[in-house]
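Residues per chain are reported as follows:
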Amino acid sequence: PGGVLKTMLGEGSEESSRLLHRIMDTDVLLLFADANILSEEGGVEPARQKIALEINTIFEILSTERDTAFVSKPRTVLLLLTKCDSGLIPQELKDNHFHGLVNRALQVFDPTVRFCINQPGWKIAVVPTSTCGDGNSNSWRDEGGIYHSEMTAPPQPYGFDLAILYGVMNELENRVRLGYDDSEEIPEQVERKPGFVSGFQWRHILQRLAGQENEQISLYRQYAGNLHSILDPLCGSQIIEV
């Protein structure tokens, strides 16, 4: 919800530590940016202060302190531009699959974008999204500068499904490349207890576990390939890789 990040990162907030730990544990990070604010006439800096300051600060600190636990793991970062159905967005920012709006977002979130580009194995992409669908809502801004929207037709959302699938595809590829499945222990780390099984039985167990892991990696490779066949034609238009 709007403003929750500012509240969570406020001085003395008990939620700030929990938030940062959640970020550390996440394979796919979804960042949301309001397209109405991105498209305001003030340009890059006012938009950065309104919707990107906290996120950029988090990544700038992580970059400065070089937290090895954070950067050593390959991750996918997706910047989702919300409310792209809004009639308040100038047409020049909407043309060519929101090319102008995407460029504005890359400038507003520049510290975060540069951080992700510089990390080996990391991926970052921008995805225009809408809950209502183009032409299915009416948007306006009140005298206090607050944006409002009402649905005028049944919703036809877009973008969110592609973002999730893109993130899953990249994570599967990371697991294939690294050759692991972090949902289970690696066989070599399973401790053999004396008197529990014979040496022959133990070797057989390890072989079976290794075979199961190889099968899992093979499935990851297959699923990632299937997702590529769906998403690759959309990269550059509905999914903008950076």
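Keep in mind that what you see is a predicted model, and the values were worked out from it rather than measured.

## Re the overall build of the chain
Inference 1: Scanning the chain from terminus to terminus reveals nine helices and six strands.
Inference 2: Put simply, the chain has 242 residues, and 39% of those count as buried.
Inference 3: Long-range pairs, those at least 24 residues apart, make up 74% of the contacts in the chain with a sequence separation of at least 6.
Inference 4: When the accessible surface of the chain is split by element, carbon and sulfur atoms take 53% of a total near 14000 Å².

## Focus: the pairing of strand 2 (residues 76-82)
Inference 1: Most of strand 2 is tucked away: seven of the seven residues are buried.
Inference 2: Of the two faces of strand 2, the one carrying T76, L78, L80 and T82 and the one carrying V77, L79 and L81 are both buried.
Inference 3: Pairing between strand 1 (residues 28-34) and strand 2: seven bridges, direction parallel. Considered in strand 2, the bridge of D34 is made with T82.
Inference 4: Taken together, the six bridges between strand 2 and strand 3 (residues 123-128) define a ladder with parallel strand orientation. By the bridge assignment for strand 3, L81 is matched with P128.

## Structural notes on the pattern of salt bridges
Inference 1: For the structure shown, the criterion picks out seven salt bridges.
Inference 2: Across the pair R48 and E45 runs a salt bridge, and its minimum N-O distance is 2.8 Å. With R48 and E45 both in helix 4 (residues 44-65) and three residues apart, this pair spans about one turn of that helix.
Inference 3: In this structure, the salt-bridge partner of R175 is E171, at a minimum N-O distance of 3.0 Å. Here R175 pairs with E171, and both are found in helix 8 (residues 160-178), just four residues apart, close to one helical turn.
Inference 4: By relative accessible area, which is 13% here, R175 ends up buried.
Inference 5: Through salt bridges with shared partners, one network takes in E40, K50 and R141.

## Some words on a nonpolar patch on the surface
Inference 1: Residues L30, F32, I164 and V168 make up a contiguous nonpolar surface patch of roughly 330 Å² in combined accessible area.
Inference 2: Position of L30 relative to the elements: it lies in strand 1.

## Structural notes on the environment of T57
Inference 1: Relative to the assigned elements, T57 resides in helix 4.
Inference 2: We classify T57 as partly exposed; its relative accessible area is 32%.
Inference 3: Separated by 54 residues in sequence, T57 and P111 place their C-alpha atoms 8.2 Å apart.

## Quick notes on the packing of helix 6 (residues 91-108) against helix 7 (residues 110-117)
Inference 1: Running from N to C, helix 6 and helix 7 point in directions that differ by 85 degrees, and their axes come no closer than 5 Å. Our classification of the angle between helix 6 and helix 7 gives roughly perpendicular. Contacts from L106, Q107 and V108 in helix 6 reach D110, P111 and V113 in helix 7.
Inference 2: For the contact of helix 6 with helix 7, the residue count by class is four nonpolar, one polar and one charged.

## As for the packing of aromatic side chains
Inference 1: By the definition in use, this model includes two aromatic pairs.
Inference 2: Measuring from ring centre to ring centre gives 5.3 Å for F59 and F115, while their planes differ by 65 degrees; the resulting arrangement is edge-to-face. With a gap of 56 residues between them, F59 in helix 4 and F115 in helix 7 connect regions that are remote in the sequence.
Inference 3: Assessed through its relative accessible area of 3%, F59 is described here as buried.
Inference 4: The interplanar angle of 80 degrees and the centroid separation of 5.5 Å between the aromatic rings of F115 and W122 together place this pair among those described as edge-to-face. Note on accessibility: F115 and W122 belong to one class, buried.
Inference 5: Counting every residue linked through ring pairs, the aromatic cluster contains F59, F115 and W122.

## Quick word on the sheet that holds strand 6 (residues 240-241)
Inference 1: Taken in spatial order, the four strands line up as 1-2-3-6 in an open sheet, and their pairing is mixed. Each edge of the open sheet is held by one strand with a lone partner, namely strand 1 and strand 6.
Inference 2: Its contacts with the sheet put helix 6 on strand 2, strand 3 and strand 6, and the angle it makes with strand 3 is roughly 130 degrees.

Thresholds applied
Residues numbered from 1 in each chain as written. Predicted model: local features only at pLDDT ≥ 70, side-chain atom pairs only at ≥ 80, totals over all residues. Heavy atoms only, no water. Helix = DSSP H or I, 4+ residues; strand = E, 2+ residues; numbered from the N terminus. Buried < 20%, exposed > 50% of the residue type's maximum accessible area, 1.4 Å probe, protein only. Contact = heavy atoms within 4.5 Å. Areas by Shrake-Rupley, 256 points an atom, 1.4 Å probe, with all protein chains shown as cover. Pairing = 2+ DSSP bridges. Salt bridge = Lys/Arg side-chain N within 4 Å of Asp/Glu carboxyl O. Patch = residues over 30% accessible without salt bridge, like charges linked within 9 Å, V, L, I, M, F, W, Y side chains within 5 Å. Axes fitted to C-alpha atoms, helices over the stretch in contact; angles between N-to-C directions. Parallel < 35°, antiparallel > 145°, perpendicular 65-115°, else oblique. Nonpolar A, V, L, I, M, F, W, Y, C, P; charged D, E, K, R; others polar. Phe/Tyr/Trp six-rings, centres within 6.5 Å; stacked < 30°, edge-to-face > 60°.

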